[in-house]
Amino acid sequence: MSASLRVEVDARPFHRVPADVLLVPFFVSDPPARGPFSWVDWRLCGLLSQKLRSDQIDLSNAALLAPSSGRTRVNWVLALGLGDRAAFGEDVLLAASETWVERVAALQASAVALTLPPGKLPPERASQVMLRGLLRGLAAQPWTLCLRLLLPPENVRETWKALDSDLLEVGRNGVAVELADPADPESKPDGASPVSYPVRERAAAAARAASASGAAGAGGAAGASRNAGTGADASAGAGGNASADAGAGAGGNAGGAAGAGGSRS
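To keep things clear, this report deals only with the structure shown in the data block. (Residues numbered from 1 in each chain as written. Predicted model: local features only at pLDDT ≥ 70, side-chain atom pairs only at ≥ 80, totals over all residues. Heavy atoms only, no water.)

Some thoughts on the packing of helix 4 (residues 123–140) against helix 5 (residues 156–170)
Between helix 4 and helix 5, whose axes approach to 9 Å, the crossing angle comes to 40°. Between helix 4 and helix 5, the angle falls in the class oblique. For the pair helix 4 and helix 5, the crossing hand works out as right-handed. In this structure, helix 4 uses Pro123, Glu124, Ser127, Gln128, Leu131, Arg132 and Leu135 to contact helix 5, whose residues at the interface are Glu158, Thr159, Ala162, Leu163, Ser165, Asp166, Leu167 and Val170. For the contact of helix 4 with helix 5, a count of residues per class yields seven nonpolar, four polar and four charged. (Axes fitted to C-alpha atoms, helices over the stretch in contact; angles between N-to-C directions. Helix = DSSP H or I, 4+ residues; strand = E, 2+ residues; numbered from the N terminus. Parallel < 35°, antiparallel > 145°, perpendicular 65-115°, else oblique. Left-handed = near helix turned anticlockwise from the far one by under 90°. Contact = heavy atoms within 4.5 Å. Nonpolar A, V, L, I, M, F, W, Y, C, P; charged D, E, K, R; others polar.)

A word on the packing of helix 1 (residues 36–43) against helix 2 (residues 47–54)
Packed helix pairs are specified by the crossing angle of their axes together with the interaxial distance, meaning the distance between the axes. Interhelical geometry of helix 1 versus helix 2 gives an angle of 110° and a closest axis separation of 6 Å. Between helix 1 and helix 2, the angle is such that the two are roughly perpendicular. Contacts between helix 1 and helix 2 involve Phe37, Val40 and Asp41 on the former and, on the latter, Leu47, Leu48, Ser49 and Leu52. Residues that form the contact of helix 1 with helix 2 fall into these classes: five nonpolar, one polar and one charged.

What follows is the structure, encoded as structure tokens:
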């Protein structure tokens, strides 16, 4: 099985983003846990904090799995501990995000939403480090994954640029990567399920084809590019429903698999 990763930078509130699983990094040493953990916990009526208090937590590798029960547009919420805030750094985030691929694969999740770890690192840098870790994980355990990276609107463009430059600098570890453009005017409006942005690589290929075939060919290539975009969006829409159905259908099996992941923590 070959590994592939599609990255979408998404500025919508976490509860509006469709996915199989929502990954929420947090610091176990924060009493109570703050940042995205507290937002998601509130949405789940305190379920995560209850599990945090009742379970025996390994500070270095905590994992709390909870069903969303329709309170968000994901099937499962997986809160992932980053250890003690005081000891946190890029090396910790890199190692942790590499292991997240195994947990996602155990849940049979193909669409994953991911929040940033609270504080400590700027959004652009945290996103770069997490992407590097995920690429390492995918190289070790091939999986086809659509990642929706959740960011405040003011950080979307700069983070996209940082990810784009980092992919060119560090490579892709043999993983096929698509980085979607969040500013493309063809992107679907807020609330669409799921959001699908035309990918830079497809637009670049269409431009090269147009240049090679001359003015007449340019018109044909542009039309083909538009048709390709429409097909991709339709496919993404169907994929979103299929992904959600698959996540729900695999709920029983996934719960066992992820529970095993949590117990390994």
